[in-house]
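Chain and residue survey
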Amino acid sequence: MDYIYGIHSVLEAIDAGRTIDKIYVKNARSEVAQRARAAGIPLQVVPDERLNRITRKNHQGVIAMMSAIEYVRLDSLLPSLFDEGVLPFILVLDGITDVRNFGAIARTAECCGVNAIVIPAHGSVSVGADAIKTSAGALNHIPVCREDSLSKAVKYLQESGCQIVASTEKSSQNYTTADYTTPLALVMGAEGTGISTDILRMADTRAAIPMFGNIGSLNVGVAAGVMMYEVVRQRLADNLEII
């Protein structure tokens, strides 16, 4: 991942509106930290030792990790899909932190005609070089929306006419019986914690992939692939355009 370091360099990057994945700072009360918070850029306070592992150069207690892609605004992308007559298929990833899972999901999403991936600004994997490599380059072709509040993003999708479908083992409804032929936002949760309670509560539909073995859940990358291809199957069966 590319990075810039030094107080003035990072402040200039913030002022220029460059896409920054995360800023590491030594001082939580520094000007850089305050400006990062104001700009909605993920911030992490770390000791000198962590900064020195990234670079031995004079970082002045500040290092910014630059994004490998340009993020897209959800409130700009979704209206354009409707204007173009596209049946939206949005993938919402709630707390996915493993870069390999994220890359694999993005690769499948691109193959399935997903119109955008929505991730939270905090507590989520970053779209860096490793993620792009794992996605086989798919992240260069599919828009990614990074939202300060994932629950607000889901509410916006819902109010815009998208059905919110949560993939969760906490449902008694088989995933194949849900209807995916409407404007759709499919929510996948992190392994272990699953979908957050507030977003799960907002879902219009909760769908579960049946399990017959001794292990209670699938890898999230595999589960996302199963869910996405069910969307494709239903839309093809109804002669709906995938993209």
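The structure displayed is predicted, hence computed values, not measured ones.

It is worth spelling out the pairing of strand S9 (residues 184-189) at this point. Burial analysis of S9 places six of its six residues in the buried class, which makes it a mostly covered element. Going residue by residue along S9, you find Leu184, Leu186 and Met188 tucked away on one face and Ala185, Val187 and Gly189 tucked away on the opposite face as well. Relative to S9, strand S5 (residues 89-94) runs parallel, the two sharing six bridges. Within S9, the residue paired with Val92 across the bridge is Val187. The sheet contact formed by strand S8 (residues 163-167) and S9 spans four bridges and is parallel. Its bridge partner lying in S9, Ile164 is registered against Ala185.

What follows is about a nonpolar patch on the surface. A surface patch of nonpolar side chains, about 220 Å² in accessible area, is lined by Met211, Leu218 and Val222. Tracing the backbone shows Met211 in the loop between strand S10 (205-207) and helix H9 (220-237).

What counts and what doesn't
- Residues numbered from 1 in each chain as written.
- Predicted model: local features only at pLDDT ≥ 70, side-chain atom pairs only at ≥ 80, totals over all residues.
- Heavy atoms only, no water.
- Buried < 20%, exposed > 50% of the residue type's maximum accessible area, 1.4 Å probe, protein only.
- Helix = DSSP H or I, 4+ residues; strand = E, 2+ residues; numbered from the N terminus.
- Pairing = 2+ DSSP bridges.
- Patch = residues over 30% accessible without salt bridge, like charges linked within 9 Å, V, L, I, M, F, W, Y side chains within 5 Å.
- Areas by Shrake-Rupley, 256 points an atom, 1.4 Å probe, with all protein chains shown as cover.
- Salt bridge = Lys/Arg side-chain N within 4 Å of Asp/Glu carboxyl O.

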